[in-house]
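Okay, here's what each chain looks like letter by letter:
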Amino acid sequence: GGYNWYTLPAPPITVTGTSKSFSITPSVVGSYTYYVRDSITPSTTCIADTFNIQVTASLAVSLINYTAFQKNETAVLQWSTAFEENNDYFTLERSSNGKDFSFLMAINGTNNTSGAFNYEFTDNTPLEGINYYRLIQTDKNGRNTILGVRSVNFRSVKTFNISIHPNPVLNNQVRLHITSSKKQQVSVIVYDMNGLKTFEQSFKITTGENKLNFQLPAGSYIVHVKGTDGSTGIERLVVK
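Just so we're clear, the structure is a prediction, and the values are computed from it rather than from any experiment.

A. Up close: the side chain of Arg-94. Following the sequence through the fold, Arg-94 ends up in strand β6 (residues 74-95). Side chain to side chain, Arg-94 and Asp-123 meet in a polar contact 2.8 Å long.

Below you can see the structure in the form of structure tokens.
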């Protein structure tokens, strides 16, 4: 005797387990058929049985994959669903320690779909070091489900340091200080707290101290400076 679980009723037999019980984890909804008998050889088989399993959705979405990786000076988050049922939206949260998460972005779902659907979000201002990204799904009834946490160890090579003085800024006049070890051109990009770009301009900087001036309306921002050599600098800014 013994137990021989398989998925094909005729040769070639695909043996998937030899114990008394057999656990499966289907990746998508659908119908599955499994066979079991007490011998692989038909001539010595005494007992055989068939299990028909119908898998239905228990969550609003079936997640195929969720990945996060560094691309140049950004962190790219991608995920795919096999189907969605009453899916309202996804929420992305970020943490520097894997425990304390803060809101990053909300992205609408497709509500209902039976086919694969792909999503992507780019974090233009990742933190230096390890960034933890938590993906949460919310259905139409308001139920939240954590779909996973991924991390990106973001590393940048710096040939300059940036600072803003004063900060908070008064009278809308921003004074950005850049101390550089080489001559190069830098791009200054400013994002609001919703991730929308509100300012972008290129400047030529020299070795040593550089002072750049530009204006912004009142609000809270993240200033992202990128050099032609790949160096980056990030600073939070409040304009009153």
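More follows now that the structure is in view.
B. Looking closely at the sheet that holds strand β11 (residues 160-164). The strand order β11-β12-β15 describes an open sheet built from three strands, whose pairing is antiparallel. In this open sheet, the two strands that pair with only one neighbour each are β11 and β15 (208-215). Along the sheet, successive strands turn relative to each other by an average axial angle of 20 degrees, direction set aside. With five bridges joining them, β11 and strand β12 (residues 173-180) adopt antiparallel strand pairing. Looking at β12, one finds that Asn-161 is bridged to Thr-179.

C. Examining the pattern of salt bridges more closely. Inspection of the entire model under this criterion finds five salt bridges. Ionic pairing is found between Asp-123 and Arg-94, a salt bridge with its closest N-O pair at 2.8 Å. Note that Asp-123 is positioned in strand β8 (residues 117-123) and Arg-94 in strand β6, a separation of 29 residues in sequence. For Asp-123, a relative accessible area of 3% puts it in the buried group. What makes Arg-94 buried here is its relative accessible area of 10%.

D. How the structure looks around the pairing of β12. Here β12 runs beside β15; their pairing, made up of eight bridges, is antiparallel. When the bridges of β15 are listed, Leu-176 appears paired with Leu-212.

E. Structural context of the packing of aromatic side chains. Enumeration according to the criterion identifies seven aromatic pairs in this entry. On the numbers, 4.8 Å between centres and 65 degrees between planes, the contact of Phe-90 with Tyr-119 is edge-to-face. Of this pair, Phe-90 sits in strand β6 while Tyr-119 is found in strand β8, placing the two residues 29 residues apart along the sequence. Each member of the pair, Phe-90 as well as Tyr-119, carries the same accessibility label: buried. The interplanar angle of 15 degrees and the centroid separation of 4.5 Å between the aromatic rings of Phe-199 and Phe-214 together place this pair among those described as stacked. Remark: Phe-214 occurs in strand β15 and Phe-199 occurs in strand β14 (residues 197-205); sequence separation between them is 15 residues. For the pair Phe-199 and Phe-214, a shared accessibility class is recorded, and that class is buried. Taken together through their ring pairs, the aromatic side chains of Tyr-66, Trp-79, Phe-90, Phe-117 and Tyr-119 make up a single cluster. The ring of Phe-101 has Arg-134 sitting right over it, with the charged end atom 4.1 Å from the ring centre.

Calculation criteria
Residues numbered from 1 in each chain as written. Predicted model: local features only at pLDDT ≥ 70, side-chain atom pairs only at ≥ 80, totals over all residues. Heavy atoms only, no water. Helix = DSSP H or I, 4+ residues; strand = E, 2+ residues; numbered from the N terminus. Polar contact = N/O pair within 3.5 Å; in protein donor to acceptor, adjacent residues only side chain to side chain. Pairing = 2+ DSSP bridges. Axes fitted to C-alpha atoms, helices over the stretch in contact; angles between N-to-C directions. Salt bridge = Lys/Arg side-chain N within 4 Å of Asp/Glu carboxyl O. Buried < 20%, exposed > 50% of the residue type's maximum accessible area, 1.4 Å probe, protein only. Phe/Tyr/Trp six-rings, centres within 6.5 Å; stacked < 30°, edge-to-face > 60°. Lys NZ or Arg CZ within 6 Å of the ring centre and 35° of its normal.

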